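Structural overview
Single-letter residue listing:
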Amino acid sequence: ALCSPTTQPIALNPAAAAENRARLRGFADGFAARTAALQGYARRIADAHGCKPALFGAGHLTTTFVNIHGLGELFSFVADDMPQKQGRYLAGTPLRIQPTKDLILLKIPVCLLGVAPESEERIIENNKAYYDFGGKFYSILPGSKRYVLN
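An account of the accompanying structure is given in this report. Keep in mind it's a predicted model, so treat the numbers as computed, not measured.

1. Remarks on the overall build of the chain
Secondary structure assignment for the chain yields five helices and five strands. The order of helices and strands in the chain, counted from the N terminus, is α-β-α-β-β-α-β-α-α-β. The C-alpha radius of gyration computed for the chain amounts to 19 Å, which surpasses the reference 15 Å derived for 150 residues by more than 25%, pointing to a less compact arrangement than a globule. Projected onto its principal axes, the C-alpha positions of the chain cover 65 × 40 × 30 Å. Each of the 150 residues in the chain was classed as buried or not, and the buried ones make up 39%. Taking the contacts inside the chain whose residues are at least 6 apart along the sequence as the reference set, 55% of them involve residues at least 24 apart. Looking at the chain as shown, the accessible area adds up to about 9,300 Å², and 58% of this sits on carbon and sulfur atoms. Charged side chains in the chain number 17 positive and 12 negative. The centres of these two groups are separated by 3 Å.

2. Some details on the pattern of salt bridges
Under the criterion given, the structure shown has five salt bridges. Linked through salt bridges whose partners overlap, the residues forming this network are Glu 120, Glu 121, Lys 145 and Arg 146.

3. Remarks on the pairing of strand E5 (residues 136-139)
Of the two faces of E5, the one holding Phe 137 and Ser 139 is buried and the one holding Lys 136 and Tyr 138 is not buried anywhere. With four bridges joining them, strand E4 (residues 110-113) and E5 adopt parallel strand pairing. Across the sheet, residue Leu 112 finds its bridge partner in E5, namely Tyr 138.

4. What about the side chain of Ser 139?
Relative to the elements of secondary structure, Ser 139 occurs in strand E5. At 3.0 Å, the side chain of Ser 139 and the backbone nitrogen of Leu 141 are in polar contact. Not counting chain neighbours up to four residues away, the residues in contact with Ser 139 comprise Leu 113, Glu 120, Ser 144, Arg 146, Tyr 147 and Val 148.

5. Considerations on the packing of aromatic side chains
In total, this model carries four aromatic pairs according to the counting rule given. Summarising the aromatic geometry, the rings of Phe 27 and Phe 31 are spaced 5.9 Å apart at their centres and angled 55 degrees between planes, so their arrangement reads as tilted. Of this pair, Phe 27 and Phe 31 both sit in helix H1 (residues 14-49), four residues apart, which is roughly one turn of that helix. Classification of Phe 31 by relative accessible area gives partly exposed; the value is 23%. Geometrically, the ring pair formed by Tyr 41 and Tyr 138 is edge-to-face, given 6.5 Å between the ring centres and 85 degrees between the ring planes.

6. Comments concerning the packing of H1 against helix H2 (residues 60-69)
Two elements in contact, H1 and H2, have axes whose closest approach is 10 Å; the angle formed by their N-to-C orientations is 100 degrees. Here H1 is positioned roughly perpendicular relative to H2, judged by the angle of their axes. Here Phe 31, Thr 35, Leu 38 and Gln 39 of H1 lie close against H2, whose contacting residues are Phe 65, Ile 68 and His 69. Broken down by class, the residue content of the contact of H1 with H2 amounts to four nonpolar, three polar and no charged.

7. Here's the deal with the sheet that holds strand E1 (residues 54-56)
Pairing within the open sheet is parallel, and its five strands lie in the order E3-E2-E1-E4-E5. Two strands lie at the open edges of the sheet, namely strand E3 (97-98) and E5, each paired on one side alone.

8. Digging into the nonpolar core
Within the largest apolar cluster, 20 residues are counted, with the highest numbers of intra-cluster contacts made by Leu 55, Phe 65, Phe 75 and Leu 112. Every element with two or more residues in this core is listed here: H1, H2 and E4. If sequence neighbours within four positions are ignored, Phe 65 has contacts with Leu 38, Leu 55, Leu 71, Leu 112 and Ile 140. Core analysis: the next-biggest nonpolar cluster, separate from the first, contains 14 residues, Ala 79, Leu 103, Ile 124 and Phe 137 among them.

Reading guide: rules and limits
Residues numbered from 1 in each chain as written. Predicted model: local features only at pLDDT ≥ 70, side-chain atom pairs only at ≥ 80, totals over all residues. Heavy atoms only, no water. Helix = DSSP H or I, 4+ residues; strand = E, 2+ residues; numbered from the N terminus. Rg over C-alpha atoms; globule rule 2.2 N^0.38 Å. Buried < 20%, exposed > 50% of the residue type's maximum accessible area, 1.4 Å probe, protein only. Contact = heavy atoms within 4.5 Å. Areas by Shrake-Rupley, 256 points an atom, 1.4 Å probe, with all protein chains shown as cover. Lys, Arg positive; Asp, Glu negative; His and termini not counted. Charge placed at Lys NZ, Arg CZ, Asp CG, Glu CD. Salt bridge = Lys/Arg side-chain N within 4 Å of Asp/Glu carboxyl O. Pairing = 2+ DSSP bridges. Polar contact = N/O pair within 3.5 Å; in protein donor to acceptor, adjacent residues only side chain to side chain. Phe/Tyr/Trp six-rings, centres within 6.5 Å; stacked < 30°, edge-to-face > 60°. Axes fitted to C-alpha atoms, helices over the stretch in contact; angles between N-to-C directions. Parallel < 35°, antiparallel > 145°, perpendicular 65-115°, else oblique. Nonpolar A, V, L, I, M, F, W, Y, C, P; charged D, E, K, R; others polar. Core = buried A, V, L, I, M, F, W, Y, C linked by side-chain atoms within 4.5 Å.

Shape descriptors only; they carry no functional weight alone.
Here it is in structure tokens:
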């Protein structure tokens, strides 16, 4: 047999289990407030600039972020340089996936990065024309130094 049942129960570290429960409880307790803050931020950008912000990266991070926080109607589109994704829609949302050049063409003031923090510098560097135009990049990830709610 490829897998054999374990005869011994897996021992859990009670302190680690308690810490994990506390972290999960903290995340859950703050979720509604984070969602409200993100929705408010997107609305303020749209009101201040006359157009909605955009997102960058049509992958799992952006898809999850938009869907769990109910942000689909609050962004203009998702920028992604993969031609295979362009012209399609981000799963579960009304957001069309468009080329990154559209950030400048459509005069998008703010773009939230839905990529791993270690990729942010490269993306910003590759999109220097957007930055020079006055566009600003922030991150959707709390672990990023560019986190939008910092």
